[in-house]
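Remarks on the overall topology
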There are 2 protein chains.
Amino acid sequence: MGEKLPTNRLSEEKFNVFWGLPVLASDAISSVAYAVDEILWVLVPSIGLISYYWAPKIAIAIILLLLVLTISYRQIVSAYPNGGGAYIVAKDNLKVKYGLIVGASLSVDYILTVAVSISAGTAAVTSAIPALYPHRIAIAIFFIALMTIGNLRGVSDSSKFFSIPTYAFLVTILSLLIAGIIKSIGGTAVPIPPMVSDPAVSFGTQAISLFLLLRAFSSGCAAVTGVEAICDAVPNFKEPAVKNAKLAYVLLTIFVIITFGGITYLATVFHPVPNSQQTVIAQLAASIFGRGLMFYIIQATTTVILAMAANTAFAGFPILLSIIARDGYVPRQFAMRGHRLGFSNGILLLSLAAGMLVIIFQSDTHLLIPLYAIGVFTSFTLAQAGIFLKWFRTKPRGWVYKAFINGLGTIITFITVIVIAVTKFLSGAWVVLLIIPLLVIVMMKIRNHYTMIAKRLDVPNDRIERLKLSPKPMPYVIIPVQSLNVMVIKTLRYAKSLSNEVEVFNVETYEGEADKLRSKWAKLKTDVPLVIKQSAYRDIVGPLTEYIESNEHASRPGDVITVLLPQFVVAKPWEMALHNNTSLFIARALLNYRNIVVSLVPFQIEEKSELYKDIDLEIE
Amino acid sequence: MGEKLPTNRLSEEKFNVFWGLPVLASDAISSVAYAVDEILWVLVPSIGLISYYWAPKIAIAIILLLLVLTISYRQIVSAYPNGGGAYIVAKDNLKVKYGLIVGASLSVDYILTVAVSISAGTAAVTSAIPALYPHRIAIAIFFIALMTIGNLRGVSDSSKFFSIPTYAFLVTILSLLIAGIIKSIGGTAVPIPPMVSDPAVSFGTQAISLFLLLRAFSSGCAAVTGVEAICDAVPNFKEPAVKNAKLAYVLLTIFVIITFGGITYLATVFHPVPNSQQTVIAQLAASIFGRGLMFYIIQATTTVILAMAANTAFAGFPILLSIIARDGYVPRQFAMRGHRLGFSNGILLLSLAAGMLVIIFQSDTHLLIPLYAIGVFTSFTLAQAGIFLKWFRTKPRGWVYKAFINGLGTIITFITVIVIAVTKFLSGAWVVLLIIPLLVIVMMKIRNHYTMIAKRLDVPNDRIERLKLSPKPMPYVIIPVQSLNVMVIKTLRYAKSLSNEVEVFNVETYEGEADKLRSKWAKLKTDVPLVIKQSAYRDIVGPLTEYIESNEHASRPGDVITVLLPQFVVAKPWEMALHNNTSLFIARALLNYRNIVVSLVPFQIEEKSELYKDIDLEIE
């Protein structure tokens with residue numbers, strides 16, 4: 001994965017609003033590629049044509065929600081100018097437990113962001129080239145693999161790299177919007193005929209119910225996920241960072257309103273029927289521009305911005321995990337940067353989990369959506385509740401207004417959580433509602449474990465000063481061998497430099513197996529005894545530890561037995577694979593026994609001649 | 001995979017002819033389930049209805065071939081009463097290289113036996129339940145997985161376990177035959193209408209060519225694979241073993257003639273058209289018995305006997321590999337029995353390779369067949385050539401007749417190899433013709449490697465007697481640490497029992513990281529120096545080895561540096577997974593450095609209190 005990089009190469013690029021916005025907003029902006037589809041998926045099969053009357057009303061409700069979020073989050077920006085992220089905000093201002101709920105929710109959501117964005121991106125590809133539809137899972141997995149490799153190597157975090165596709169997407173969606181409006185004004189807009197190939201979707205004739213509208217609202221909420229990204233990254237803006245981040249929020253909101261509102265408007269004119277083969281954007285583009293160059297450009301920019309949205313999760317999830325890992329709530333391995341300075345373990349976990357979701361849900365955005373958004377809104381709620389309490393506690397100037405805004409935000413996002421949980425419960429939200437508390441419990445268990453270990457290992461300062469490091473008695477050394485060879489002789493000589501009490505140990509699985517060893521040993525001029533034990537199993541650890549336990553030397557409490565394992569080393573890895581390399585396994589197994597120190601004595605296979613030179617010198 | 005078993009539990013069941021035959025013959029007998037299909041696959045699409053005139057002639061040629069093989073192999077049984085297998089026969093009597101060719105051929109063939117038999121077994125299932133056809137790959141993989149688990153655990157090798165399904169298959173095929181003959185005599189036999197669902201197969205109108213007939217013959221040769229099994233297992237028969245094994249050969253031949261000949265005869269009457277959805281046996285059964293109980297019984301017994309045929313490969317391949325491994329031509333790991341006394345690595349290799357073939361070839365027997373049989377006939381040829389030379393060399397009583405028989409066998413099987421290679425070259429045989437020599441080269445490379453290692457490690461007896469094991473000087477000890485804790489203190493005390501020259505080593509990746517360690521160290525009453533090195537990389541092996549190399553102590557040639565790695569141990573595996581366990585990685589990496597002995601000093605996390613008791617005693 002490329003040569004390793006020193007720690008000081010961690011980049012510190014600061015961006016202005018124009019170049020920075022796309023990096024942080026691709027997740028939110030790209031949601032338009034599936035959010036309108038999802039609203040129609042709920043409505044059309046149930047209430048038919050009237051859907052196109054209700055869809056814009058639901059979109060307006062979602063846009064109002066977005067406005068509340070924007071205003072609330074602009075205040076969080078002021079409160080956490082160093083960037084915080086919901087996890088830190090909740091942990092700082094509420095109880096740790098709420099921080100963990102946020103951590104779990106966001107983790108689930110990052111994974112879903114990848115699965116949903118990649119599935120939607122694949123849908124954009126297969127809408128353009130229908131022949132690829134049967135291969136959609138393979139395509140999605142290919143995208144995820146590409147991103148995993150890219151992020152393990154460390155992708156360019158240059159803001160320009162990200163900005164051009166985002167602005168290209170905005171421009172193409174805007175042209176679609178303008179051309180669509182012109183067509184509708186000119187009276188040449190005709191409803192798109194439903195596709196015959198997807199019999200599952202047909203115009204429903206049910207009565208409208210509040211539950212149905214709330215379900216559609218829940219589905220559409222996918223459009224506002226990703227709003228938190230700017231708030232997490234305030235210090236990445238050029239000075240004045242806070243002001244710039246707040247400006248970015250305004251622009252983000254405008255962009256989402258234009259794209260999401262615009263596509264919803266076009267849907268009311270062109271009546272696209274949701275189906276798994278053609279996305280709403282693809283249907284609109286085909287109807288407005290025909291299946292020509294513009295159609296393919298729109299599909300291409302949609303795919304790219306969705307891939308970028310997935311990539312924001314690859315940037316965000318490993319960092320979130322590393323922060324939680326530093327607090328000790330997830331395994332420490334997630335806190336370490338790899339050779340290429342990325343958090344490799346987090347990247348791998350993300351791609352495995354997202355890949356599994358893509359396979360289980362057949363890369364179908366529509367099936368994944370019910371799991372999405374709950375996590376995001378849970379973290380929205382807790383972050384705002386935290387800020388609300390912060391205003392209340394610290395009471396800065398104008399705190400009543402600030403508290404009112406974030407209190408309102410808390411209430412509205414909390415209501416949204418309830419609405420999503422209830423209306424989407426059976427279609428998948430229950431999974432997330434089960435997993436989040438489970439993750440929280442696991443995280444607390446992990447932290448307890450680390451605390452226990454730290455306590456056990458700690459030596460308090462006052463005790464250090466009283467410690468006297470008198471040496472233990474000379475160690476007792478055992479060398480397990482299979483035959484008498486150069487490697488064993490090297491090990492024997494080393495053993496004699498450690499101790500006068502050395503034994504060589506061999507396991508005989510059938511009568512006579514060790515005869516050759518016995519006779520060779522007899523020829524060797526040494527006072528080191530050869531101990532041979534019979535055993536029916538082809539295993540050395542069992543008989544060896546049994547012998548040690550039965551050994552009078554081991555019975556002196558506190559004594560350390562040293563087991564020396566001769567291990568030869570060959571230069572090439574494929575050569576190493578030809579050997580059993582049992583030493584490392586034995587070493588690992590023996591570690592479980594108190595007071596057995598395991599030493600690996602390496603023998604480079606090339607060193608024989610030198611060793612002989614050494615030995616020859618000492619021939620009597 | 002179940003509790004481990006002692007070596008003396010290796011079973012030694014001896015069987016008589018009636019119970020032993022099915023164990024050894026299921027591979028050969030089951031071939032009838034696809035051999036007739038394969039002959040028709042070649043003929044029908046090319047020459048249409050005339051196929052049913054030529055098919056029995058080809059079958060007769062194959063049966064004649066089988067007779068030659070039977071007579072030849074009965075002689076090998078006499079020559080190798082202890083069982084040999086083609087690998088040993090070829091290695092003993094020809095050059096080692098030919099033994100390796102046989103080893104490689106048989107290995108390829110065992111893998112193909114599993115892939116072909118399981119694919120054919122799956123075809124029997126999907127012929128009975130056509131709805132399962134789209135899931136055939138999953139079914140085949142499931143069968144392979146089941147067999148892998150069964151064989152890793154150690155399946156029952158009770159001959160009765162195998163015999164009942166084999167005899168059940170024979171009985172059902174016999175009833176099919178009898179009912180079919182009655183129907184044909186009664187004049188109620190009508191040709192089966194070709195299935196419309198498989199447009200690829202239609203009655204061809206080409207002229208008959210010798211090449212085409214030879215191709216059909218090559219395909220049909222799959223029917224005689226598995227004939228060598230009895231010869232490999234002579235000592236498993238009850239005494240008189242040689243006589244019993246020879247009788248088994250006669251019975252095997254009769255069974256194959258009845259089933260293979262019988263099904264071919266029925267094909268000439270009922271004109272089944274080969275296709276991938278319905279096997280020939282299924283078509284015949286449906287036409288003769290209707291799709292009733294008998295139809296399903298026939299499909300079930302066919303599936304079971306094919307599964308048993310695959311299982312013979314699971315028994316044979318790991319043993320073959322272990323024999324070759326003992327000679328040093330394949331990695332030594334294949335020579336070791338696992339805890340359950342099976343050769344686990346061989347079993348896993350077989351199931352992985354066969355699984356891959358099933359996936360690549362979409363579990364389609366028809367696509368796999370061109371790869372099959374070449375390996376078998378190569379080993380037939382070389383085994384017989386070996387025996388031929390043996391007669392020639394040893395000249396026992398009646399050797400001219402014996403040599404004639406095996407010479408004839410050699411020539412005929414060799415011609416068959418050529419025919420298969422030529423007629424099937426483009427449809428897949430080239431793969432096998434490429435892989436076998438490649439495998440032989442790899443095997444020779446592996447053997448060279450082992451020979452080299454053995455030479456390097458060997459201490460000749462005359463040298464042993466002159467060796468004087470004077471100890472090396474006291475070792476120089478380095479302890480890499482991250483902080484000062486109880487584990488480090490335990491390691492320090494152990495270090496002081498080994499040597500007076502001890503150093504503690506730490507890597508600081510940023511300024512000030514080690515300050516806490518420095519101040520704690522200052523409080524400790526010890527003469528052991530703390531060495532801190534700066535490094536930009538989060539890696540300990542690099543700075544440590546650099547330090548050792550720059551160290552004056554290491555420059556004394558022949559000196560051994562001892563690196564002590566404190567490693568704490570927690571009881572549960574999931575707890576262990578929460579820690580980096582870097583010690584084992586560091587140990588592995590340091591092994592590559594000449595003269596660095598790596599010791600793991602374990603610290604059971606429960607032992608702290610005891611250690612403290614120990615330490616407290618020593619407070620000044």
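These numbers come from a predicted model, not from an experiment.

Further remarks concern the overall build of chain A. A count of helical and extended segments in chain A gives 25 helices and 5 strands. Burial status across chain A gives 57% buried among its 620 residues. Long-range pairs, those at least 24 residues apart, make up 80% of the contacts in chain A with a sequence separation of at least 6.

Residue and element names in this part refer to chain B. The residue I548 is located in helix α21 (residues 541-550) in this model. Here I548 falls in the buried class, since its relative accessible area comes to 6%. A C-alpha to C-alpha distance of 8.0 Å links I548 and I561, two positions 13 residues apart in sequence.

Attention now moves to the pairing of strand β5 (residues 596-604) of chain B. The element β5 of chain B is largely enclosed, with a buried count of 9 among its 9 residues. Side-chain alternation along β5 of chain B places I596, V598, L600, P602 and Q604 of chain B on one buried face and V597, S599, V601 and F603 of chain B on a second face that is also buried. One ladder, built from 3 bridges, connects strand β5 (residues 596-604) of chain A with β5 of chain B; its direction is antiparallel. Within the sheet, the bridge partner assigned to V598 of chain A lies in β5 of chain B and is L600 of chain B. The pairing of strand β4 (residues 561-569) of chain B with β5 of chain B spans 9 bridges and is classified as parallel. Across the sheet, the residue bridging to L564 of chain B is S599 of chain B, located in β5 of chain B.

As assigned here, chain A comprises domain 1 (7-450) and domain 2 (476-605). Here the C-alpha centre of domain 2 of chain A lies 59 Å away from the C-alpha centre of domain 1 of chain A.

Once that is clear, we can look at a nonpolar patch on the surface. On the surface, a cluster of nonpolar side chains totalling about 860 Å² of accessible area is made up of F425, L426, W430, L433, L434, I435, L438, L439 and I441 of chain A. With respect to the secondary-structure elements, I435 of chain A resides in helix α17 (residues 425-457).

All names here are of chain A. Per the counting criterion, the structure on display carries 0 disulfides over all chains. Left unpaired, C231 is separated from the closest cysteine sulfur, that of C221, by 19 Å. Residue classification places C231 among the buried residues on the basis of a relative accessible area of 3%.

It is a general feature of regular strands that their side chains alternate between the two faces of the sheet. All names here are of chain B. Within strand β1 (residues 476-480), 5 of the 5 residues are buried, which leaves it mostly tucked inside the rest of the structure. Side-chain alternation along β1 places Y476, I478 and P480 on one buried face and V477 and I479 on a second face that is also buried. As paired elements, β1 and β4 share 3 bridges and run parallel to each other. When the sheet's bridge partners are listed, V477 is paired in β4 with T562. Where β1 and strand β2 (residues 502-508) come together, 4 bridges link them in parallel fashion. By the bridge assignment, I479 is partnered in β2 with V504. At this point the chain moves from β1, through helix α19 (residues 486-498), to the parallel β2, and the crossover so formed is right-handed.

Residue and element names in this part refer to chain A. Topologically, N275 is positioned in the loop between α10 (241-270) and α11 (280-289). Residue N275 is classed as buried on the basis of its relative accessible area of 7%. At 3.3 Å, the side chain of N275 and the backbone oxygen of V273 are in polar contact. A polar contact is formed between the side chain of N275 and the backbone nitrogen of Q278, at a distance of 2.8 Å.

Let's shift gears to helix α4 (residues 85-93) of chain A. Restricting attention to buried positions, one finds in α4 of chain A the residues G85, A86, Y87, V89, A90 and N93 of chain A. Those residues of α4 of chain A that are buried lie in contact with α3 (51-79), α5 (96-128), α9 (229-232), α12 (293-326) and α15 (374-394) of chain A.

We now examine the sheet that holds β1 of chain B. Read across the open sheet, the 10 strands follow the order β3(A)-β2(A)-β1(A)-β4(A)-β5(A)-β5(B)-β4(B)-β1(B)-β2(B)-β3(B); overall the sheet is mixed. Two strands bound the open sheet, and with one partner strand each, they are β3 (530-534) of chain A together with β3 (530-534) of chain B. Looking at each pair of strands side by side, their axes are set apart by 30 degrees on average, direction ignored. Contacting β4 (561-569) and β5 of chain A together with β1, β2, β4 and β5 of chain B, α19 of chain B crosses the sheet at an angle of about 145 degrees to β4 of chain B. Lying on the sheet, helix α24 (residues 582-590) of chain B is in contact with β5 of chain A together with β4 and β5 of chain B; it crosses β4 of chain B at an angle near 160 degrees.

Attention now goes to the environment of R466 of chain B. The residue R466 of chain B is located in the loop between α18 (461-464) and β1 in this model. The sequence separation of R466 of chain B and L426 of chain B amounts to 40 residues, and the corresponding C-alpha distance is 64 Å.

Okay, the pattern of salt bridges next. Pairing is possible between side chains of opposite charge, provided their charged atoms come close. Residues and elements named next belong to chain A. Here the structure, examined in full by the defined rule, presents 10 salt bridges over all chains. Its salt-bridge partner being D327, residue K91 comes within 2.7 Å of it at the nearest N-O pair. Note that K91 is positioned in helix α4 and D327 in the loop between α12 and α13 (344-360), a separation of 236 residues in sequence. Residue K91 is classed as partly exposed on the basis of its relative accessible area, which comes to 23%.

Turning our eyes to something else, we now look at unusual backbone geometry. Omega for the peptide link from E239 of chain A to P240 of chain A comes to -5 degrees, which places this bond in the cis form. One can find P240 of chain A in the loop between α9 and α10. The backbone of H271 of chain B sits at a positive phi, close to 50 degrees, despite the residue not being glycine. Its place among the elements puts H271 of chain B in the loop between α10 (241-270) and α11 (280-289). The buried category is assigned to H271 of chain B, whose relative accessible area is 18%.

What follows covers the packing of helix α2 (residues 32-47) of chain B against helix α8 (residues 210-220) of chain B. Packed helices, taken two at a time, are described by the angle between their axes plus the distance between the axes. Residues and elements named next belong to chain B. Remark: α2 packs on α8, axes separated minimally by 7 Å, with the N-to-C direction vectors making an angle of 160 degrees. On the basis of the axis angle, α2 is roughly antiparallel to α8. Note on packing geometry: the crossing formed by α2 with α8 is right-handed. Across the interface between the two elements, A35, E38, I39, V42, L43, S46 and I47 of α2 pack against L212, L213, R215, A216, S219 and G220 of α8. Class assignment for the residues of the contact of α2 with α8 results in 8 nonpolar, 3 polar and 2 charged.

What follows concerns α15 of chain A. All names here are of chain A. Over its 21 residues, α15 extends 30 Å from the first C-alpha to the last, a length consistent with the 30 Å expected when each residue adds 1.5 Å. Of all 21 residues that make up α15, 15 are buried, and the element is covered over most of its length. Phi turns positive one or two residues past the end of α15, at K395, with a value near 45 degrees.

Here T491 of chain A lies in helix α19 (residues 486-498). Discounting residues that sit within four places of it in the chain, T491 of chain A has contacts with I479, L564, P566 and V601 of chain A.

Moving on, we get to the confidence of the model for chain A. Residues and elements named next belong to chain A. The predicted model of chain A averages 84 in pLDDT, with 89% of residues at 70 or higher. No element of chain A has a lower mean pLDDT than helix α25 (residues 608-617), which averages 52, and none a higher one than α5, which averages 92. Throughout residues 616-620 the model reports pLDDT below 50, and contacts reaching past four residues in sequence, or to other chains, amount to 8 contacts. Interface scoring of the predicted complex returns ipTM 0.72; its pTM is 0.70.

So, on to the packing of aromatic side chains. Evaluation of the coordinates by the stated rule reveals 22 aromatic pairs over all chains. On the basis of an interplanar angle of 85 degrees and a centroid distance of 5.1 Å, the ring pair of F295 of chain B and Y296 of chain B is categorised as edge-to-face. With 5.9 Å between their ring centres and 35 degrees between their planes, F388 of chain B and F392 of chain B make a pair best called tilted. Placement of the pair is F388 of chain B and F392 of chain B together in helix α15 (residues 374-394), with a separation of 4 residues, close to one helical turn. The partly exposed category is assigned to F392 of chain B, whose relative accessible area is 43%. Among the aromatic residues, ring-to-ring pairing joins Y73, Y249, F377 and F380 of chain A into one connected group. In this structure, R136 of chain A packs its charged tip against the face of Y133 of chain A, placed 4.3 Å from the ring centre. Its guanidinium or amino end placed over the ring of W391 of chain B, K402 of chain B lies 5.1 Å from that ring's centre, counting from NZ or CZ.

Rules and cut-offs
- Residues numbered from 1 in each chain as written.
- Chains lettered and ligands numbered in written order.
- Predicted model: local features only at pLDDT ≥ 70, side-chain atom pairs only at ≥ 80, totals over all residues.
- Heavy atoms only, no water.
- Helix = DSSP H or I, 4+ residues; strand = E, 2+ residues; numbered from the N terminus.
- Buried < 20%, exposed > 50% of the residue type's maximum accessible area, 1.4 Å probe, protein only.
- Contact = heavy atoms within 4.5 Å.
- Pairing = 2+ DSSP bridges.
- Domains from an automatic or database assignment.
- Patch = residues over 30% accessible without salt bridge, like charges linked within 9 Å, V, L, I, M, F, W, Y side chains within 5 Å.
- Areas by Shrake-Rupley, 256 points an atom, 1.4 Å probe, with all protein chains shown as cover.
- Salt bridge = Lys/Arg side-chain N within 4 Å of Asp/Glu carboxyl O.
- Disulfide = S-S within 2.5 Å.
- Right-handed = clockwise from strand over helix to strand, strands pointing away.
- Polar contact = N/O pair within 3.5 Å; in protein donor to acceptor, adjacent residues only side chain to side chain.
- Axes fitted to C-alpha atoms, helices over the stretch in contact; angles between N-to-C directions.
- Parallel < 35°, antiparallel > 145°, perpendicular 65-115°, else oblique.
- Left-handed = near helix turned anticlockwise from the far one by under 90°.
- Nonpolar A, V, L, I, M, F, W, Y, C, P; charged D, E, K, R; others polar.
- Expected span 1.5 Å × (residues − 1).
- pLDDT = per-residue confidence, 0-100.
- Phe/Tyr/Trp six-rings, centres within 6.5 Å; stacked < 30°, edge-to-face > 60°.
- Lys NZ or Arg CZ within 6 Å of the ring centre and 35° of its normal.

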